[in-house]
Amino acid sequence: MAAAYPKVGTRGTGRRKEAIVRVRLVPGNGQVIINGKSMEQYLGNRKALHIPVKQPLVAAGVEDRYNVLVNATGGGVVGQSIAIRMGVARALKAINKEHEIVMRKEGFLTRDARVKERKKYGLKKARKASQFSKR
């Protein structure tokens, strides 16, 4: 399905937790294709995951002018949907510098740097220790 689109378009990369997505915006009618599937198939029927994908397009007022082609790897669907938002915002910024003002104001270009903390030796998890017993 994604092979029918030309290899041109504006690109943007988005990241969140372990998720990394490569986004391509091509002129079209507003379709979102993630890993060869429609957004509804890939993200399921959870509307809370559909909203971040469309937010940059709606904020810029171009939701029906571009098709969004996404290659997503790593993480889960929540992290991927937020990473897609960042990738779309970066691609829109590359298309028109005036979009950057809107994207920056909405916070779509800011990387959420929170990632899972590593487990330390001697502990059950990153910070969880076994219960202390005095006697």
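Residues numbered from 1 in each chain as written. Predicted model: local features only at pLDDT ≥ 70, side-chain atom pairs only at ≥ 80, totals over all residues. Heavy atoms only, no water.

1. Some words on the packing of helix α2 (residues 47-60) against helix α4 (residues 97-106)
Our working definition: Whenever a helix is involved, its axis is fitted only over the stretch in contact; in every case the axis is a line through C-alpha atoms, and angles between N-to-C directions fall within 0 to 180 degrees. In DSSP terms, a helix is any run of H or I states spanning at least four residues, a strand is any run of E spanning at least two, and both are numbered starting from the N terminus. Roughly parallel here means an angle under 35 degrees, roughly antiparallel means over 145, roughly perpendicular means 65 to 115, and every remaining angle is called oblique. Two helices cross in a left-handed way if the nearer one is turned anticlockwise from the farther one by less than a right angle. They cross in a right-handed way if the turn is clockwise. Working rule for contacts: check all heavy atoms of both residues, and any pair within 4.5 Å makes them a contact. Classes in brief: Ala, Val, Leu, Ile, Met, Phe, Trp, Tyr, Cys and Pro nonpolar; Asp, Glu, Lys and Arg charged; the others, Gly included, polar.
Close contact between α2 and α4 brings their axes to 9 Å; oriented N to C, the two are set at 125°. On the basis of the axis angle, α2 is oblique to α4. The interaxial crossing formed by α2 with α4 has right-handed handedness. Where α2 abuts α4, its residues Pro56, Ala59 and Ala60 lie against His99, Val102 and Met103. Residues belonging to the contact of α2 with α4 are distributed by class as follows: 5 nonpolar, 1 polar and no charged.

2. Examining the side chain of serine 81
The cut-off we apply is this: Using a 1.4 Å probe on the protein chains alone, a residue whose accessible area is under 20% of its type maximum counts as buried, one over 50% counts as exposed, and one in between counts as partly exposed.
Along the chain, serine 81 turns up in helix α3 (residues 77-95). With a relative accessible area of 1%, serine 81 lands in the buried category. Setting aside its immediate chain neighbours within four residues, serine 81 contacts Leu49, Pro52 and Val53.

3. As for unusual backbone geometry
Not every positive phi belongs to a glycine, and lysine 17 is a case in point at roughly 50°. Inspection of the secondary structure puts lysine 17 in the loop between β1 (10-16) and β2 (19-27). The backbone of asparagine 35 sits at a positive phi, close to 50°, despite the residue not being glycine. Following the sequence through the fold, asparagine 35 ends up in the loop between β3 (32-34) and β4 (37-38).

4. Quick look at the packing of α3 against α4
Contact pair α3 / α4: the axes reach a minimum separation of 5 Å and the direction vectors enclose 145°. The element α3 and its partner α4 pack so that their crossing is left-handed. On α4, the residues touching Ala89, Leu92, Lys93 and Ile95 of α3 are Lys97, His99, Glu100 and Met103. Its residues assigned to classes, the contact of α3 with α4 comprises 4 nonpolar, 1 polar and 3 charged.

5. Concerning the pairing of strand β5 (residues 66-73)
In plain terms, the rule: Criterion used throughout: strands pair if DSSP finds at least two bridges between them.
The element β5 is largely enclosed, with a buried count of 6 among its 8 residues. Pairing of β2 with β5, which is carried by 8 bridges, proceeds in the antiparallel orientation. If you follow isoleucine 20 over to β5, its bridge partner there is threonine 73. Examined bridge by bridge, β3 and β5 share 3 bridges and lie parallel to one another. Residue pairing across strands places isoleucine 34 opposite valine 70, the latter belonging to β5.

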